Each structure stands twice: as C-alpha cells, then as structure tokens.
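The residues making up each chain are set out below.
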Amino acid sequence: MTVDGKVTTKNFGPVDFTSREDKLHLFRQRALADAVLIGHTSLKRDNVRLGLPVDLQQARTKRKQTPAPWRVIVSNKGRIDHRLKIFQSTISPILIFSTTRMPKKTQAALKAKATLHLTESDEIDLAAMLETLRTKYNVRKIACEGGPTLFRALLELDLIDQLNLTIAPYMFGGAKAPTLTGLSTEFLPASVHCSLIDMRTSGDECFLTYRIKHQRRRN
Ligand SMILES: NC(=O)c1ccc[n+]([C@@H]2O[C@H](COP(=O)([O-])OP(=O)(O)OC[C@H]3O[C@@H](n4cnc5c(N)ncnc54)[C@H](OP(=O)(O)O)[C@@H]3O)[C@@H](O)[C@H]2O)c1
C-alpha cells in the first residue's frame, strides 16, 4: 500500500511499486499457508501463478507440507480465462469457488485444470467456502492476497485474523485508485480495530503485522 493508502493505480495496473524485499516478504507469508486465496480481478490483472521459489518449496517439504499451498480462486460470475498463467503451473492443485453462473464452456475448459466448487446461489458464501476448505481440504491457515474487494468482503464478515501490510514510499492521490478496502464509498458496518504485533523497516519500506480484533463471536 502507498503512504496514502492506495493498493494499485487508477488503471488497476499490476503492483510494481514495492521492492524486491517486499516480493520476498510476500513469498515468505505465502509459504506459511495451507492455501492462498485470490479474487478473480487480481488474478486476471496481475496474471500471477501463485507459486513459490524453490528454496521455500524445499523448506515446506522439510516441514512435511506440500511444496506449495493450494491455490484458491474466488469469482461470482465465473468468466475465468483458462489461458491465464496460473493454469499453466502445476506447482499445487487449484480450487475455484464460483457459481453456476459460470458459462458451461468455461466449466468444461477449467475442469481439466482445477477443481470447481459451484454454488447454485448468485453469490458465493465466503464463510461456507472457508468451512469447505477446512473440512474437505484440511486447510487451517489461508493467505488471502486480495484484491481489495475480496479483502473487504472477508473483513465485513469478520473472517480476517491478521493483516500483513507493507507501506511503500509513494503517494498516488486520486479517488479512482483503490485503497486497501477497495473503491466503495460505503463505511464498513463497524470500524475494525487492529493491534500492531510486529513492525520492521527495510530501506524506505515499513512492514507491519496487525492482529485484527474480532467483533463478534463466531458460531
Ligand atoms: N497492492 C496489493 O498488495 C494488491 C493486492 C492484490 C490486488 N491488488 C490490485 O487490486 C486490483 C484488483 O482489485 P479488485 O478489488 O477489483 O479485485 P479482487 O478483489 O481481486 O477481485 C474482485 C473480483 O473477485 C471476485 N470476488 C471478490 N469478492 C468476492 C466475493 N465476496 N464473492 C465472490 N466473488 C468475489 C469477483 O469476481 P467476478 O467478477 O468474476 O465475479 C470480483 O469481481 C488489481 O489491480 C490488483 O493489482 C493489489
């Protein structure tokens, strides 16, 4: 995130305003997770594979984990292009949580590359998705890599435990570049309280770790 809270530019360009150290920090966080979660727009815009460098894969194997976390894509509409780079990488299985709005042709193309979880409703139930990941795939720790729309949806449901935030030494300004919680002009249903549990600086960047204080007791 920039100093003025932006996570991308007004054109939703890929995030290239942080350092190599930040990219490594992202990989290290990803490597700790059982699954990595991404919203369809970020996947499309950034065309990421969500893999890991070899040394981090080896470290996971030593810890008796799979070489890389499950890769999980979230999309309501389901118009996901099977030619995206993520589908060319076999580093770990891919799960797609979407709805039966996904066109039949797309379903057929994606079935060869991923496991599809399609709900009959118009929108995904994120809490139910997490439950499925826990019970069916034994996922305990998920690294959500955004984007802001997905992050905000999880935050509104009080489903985030920790936020790893890098402050990059830039300011973009403008109302059309999304902030950490997206472009919505609406307030969150309740302000979210965080406690700072770690802070580190490297060059001009600041790496923060916040624990999110839960608002409600979950069932
Ligand atoms: N600076 C950073 O660290 C960082 C990190 C991540 C992303 N980004 C940037 O953020 C931009 C994209 O942000 P964004 O907010 O538009 O995208 P996003 O959250 O990645 O994706 C939004 C899309 O994901 C699906 N989605 C999101 N929430 C959902 C929910 N609750 N249920 C079901 N589907 C859901 C929907 O897909 P469908 O439209 O297919 O239904 C939705 O349109 C990109 O430019 C990316 O580079 C920056």
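Scroll up for the structure.
As a starting point, this report considers the structure included with it. Nothing here was measured: the structure is a model prediction, and the numbers come from that model.

**Concerning the sheet that holds strand β6 (residues 162-167)**
As a general point, the strands of a sheet are linked pairwise by backbone hydrogen bonds and lie either parallel or antiparallel. The strand order across the open sheet formed by three strands is β6-β8-β7, and the pairing between neighbours is antiparallel. The sheet is open, and its two edges are formed by β6 and β7 (194-202), each paired on a single side. The average undirected angle you get between the axes of adjacent strands in this sheet is 15°. Bridge count for β6 against strand β8 (residues 205-212) is six bridges, and the pairing is antiparallel. Of the residues in β8, the one forming a bridge with T166 is F207.

**Quick word on unusual backbone geometry**
In this structure, the amide linkage connecting G146 to the following residue, G147, adopts the cis form with an omega of 0°. With respect to the secondary-structure elements, G147 resides in the loop between β5 (142-144) and α6 (148-156). Phi at N138 takes a positive value of approximately 55°, unusual for a residue other than glycine. Note that N138 resides in the loop between α5 (126-137) and β5. Even without being glycine, D158 reaches a positive phi, approximately 60°. Inspection of the secondary structure assignment puts D158 in the loop between α6 and β6. Taking the number of C-beta atoms within 10 Å as the measure of exposure, D158 has 18 and is therefore partly exposed.

Cut-offs used in this document
- Once a new chain begins, its residue numbering starts again from 1 and follows that chain's sequence as written.
- The model is predicted, so local features are restricted to residues of pLDDT at least 70 and side-chain atom pairs to those at 80 or more, both for listing and for counting; the totals for chains, interfaces and linings are taken over all residues.
- At least two bridges found by DSSP between two strands are what make those strands a pair.
- What counts as a helix is a DSSP run of H or I of at least four residues, what counts as a strand is a run of E of at least two, and both are numbered from the N terminus.
- Note on geometry: axes are lines fitted to C-alpha atoms, helical ones only across the stretch in contact, with angles between N-to-C directions running from 0 to 180 degrees.
- Partly exposed residues are those whose C-beta has more than 12 but fewer than 20 other C-beta atoms within 10 Å; with 20 or more the residue is buried, with 12 or fewer it is exposed, and the C-beta atoms are placed from the backbone.

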